[in-house]
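Working through the structure, step by step
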Amino acid sequence: MKRVLPIACIVCSLLITACGNESESIYPAVQLEFVTLFTDPTEGIRYLELDKGETLRIQADHTEQTLSSYTGKQRGVSNFVKLTEKEETVAEVYSFTPIPASAPVPIQQTNYPENGSGAVSLQSIWLSGDYINLTLGVAPEGENSLRFIQKSVTLEEENPTVSLSLYYDNGGLLNNYSQRTYASIPLEGYKEYSSPIQVRVTILTFREGLKTYRFLYEPL
């Protein structure tokens, strides 16, 4: 079952447009989305891959060369515009911010506790394509280590079940949730199991304690 918390937060965070008078606008109408940036190693051309499977060649980079520092694949949030050029849909990128998106590590291979030393303020969590995306409130200072742990994989049930948890370490600081942070959990590693796959994500939240969110993942 797909959980989204809250709807208004997602709309505000991920689908925005430039507003105000045209003379005051810095950017054209842009959209802010979770994306995967990757580079074609043979041609050196950079692309944005959207969660629903659409791939956009980056026609123009307005990030003051931020994109040029990344090679391979990098998960992030990006402000960009989609344009049609000679029957091809391309992107002009105005910002790109990398985000934590490491694959879940089996708990047996880590020394992490199931939950880190600090709770988080969970603003939204939802399944999109091959990722579970999160918007979090965390401490504005400190290391803010975010990792995802694979607690178990159960194959005996009708659908495979993957249980994950968030490890968050704020460096021992007092809880303070004034900094918004994004993160993604890649699910591609579970495509080997028969679809659909039940994914459970347990998070220690400030207001409600341990909360588990359930999703039904059907790989594209």
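Throughout what follows, the structure given in this document is the object of discussion. (Residues numbered from 1 in each chain as written. Predicted model: local features only at pLDDT ≥ 70, side-chain atom pairs only at ≥ 80, totals over all residues. Heavy atoms only, no water.)

All chains considered together, the criterion is met by 6 salt bridges. With its nearest N and O atoms 3.0 Å apart, the salt bridge here joins lysine 82 to glutamate 54. Pair noted here: lysine 82 is in strand 4 (residues 73–85) and glutamate 54 is in the loop between strand 2 (46–50) and strand 3 (55–61), with a separation of 28 residues, a long-range link. For lysine 82, a relative accessible area of 34% corresponds to the partly exposed category. The shortest N-O distance in the salt bridge between lysine 191 and aspartate 130 comes to 3.2 Å. Of this pair, lysine 191 sits in the loop between strand 11 (179–186) and strand 12 (197–205) while aspartate 130 sits in the loop between strand 7 (121–128) and strand 8 (131–138), and the two are 61 residues apart along the sequence. Relative accessible area serves as the criterion here: at 9%, aspartate 130 is assigned to the buried category. (Salt bridge = Lys/Arg side-chain N within 4 Å of Asp/Glu carboxyl O. Helix = DSSP H or I, 4+ residues; strand = E, 2+ residues; numbered from the N terminus. Buried < 20%, exposed > 50% of the residue type's maximum accessible area, 1.4 Å probe, protein only.)

In this section: the sheet that holds strand 3. With respect to topology, 5 strands assemble into a closed barrel ordered 1-2-3-5-4, the strand pairing being mixed. Neighbour-to-neighbour, the strand axes of this sheet turn through a mean angle of 55 degrees, independent of strand direction. Bridging between strand 1 (residues 31–39) and strand 2 involves 5 bridges; their strand directions are antiparallel. Its bridge partner being in strand 2, threonine 39 is matched across the sheet by arginine 46. (Pairing = 2+ DSSP bridges. Axes fitted to C-alpha atoms, helices over the stretch in contact; angles between N-to-C directions.)

This part takes up the nonpolar core. One finds Ile125, Ile132, Leu134, Leu187, Val201 and Ile203 to be the most contacted residues of the largest nonpolar core, which totals 27 residues. Taken together, the elements giving at least two residues each to this core come down to strand 7, strand 8, strand 9 (145–154), strand 10 (161–169), strand 11, strand 12 and strand 13 (209–217). (Core = buried A, V, L, I, M, F, W, Y, C linked by side-chain atoms within 4.5 Å.)

On to the sheet that holds strand 11. The strand order across the open sheet formed by 3 strands is 7-8-11, and the pairing between neighbours is antiparallel. Of all the strands in the sheet, just strand 7 and strand 11 have a single pairing partner and so form its edges. Ignoring which end each strand starts from, the neighbouring axes of this sheet average 15 degrees apart. Examined bridge by bridge, strand 8 and strand 11 share 8 bridges and lie antiparallel to one another. Of the residues in strand 11, the one forming a bridge with valine 138 is glutamine 179.

Note that all results are geometric; they support no functional claim without further evidence.
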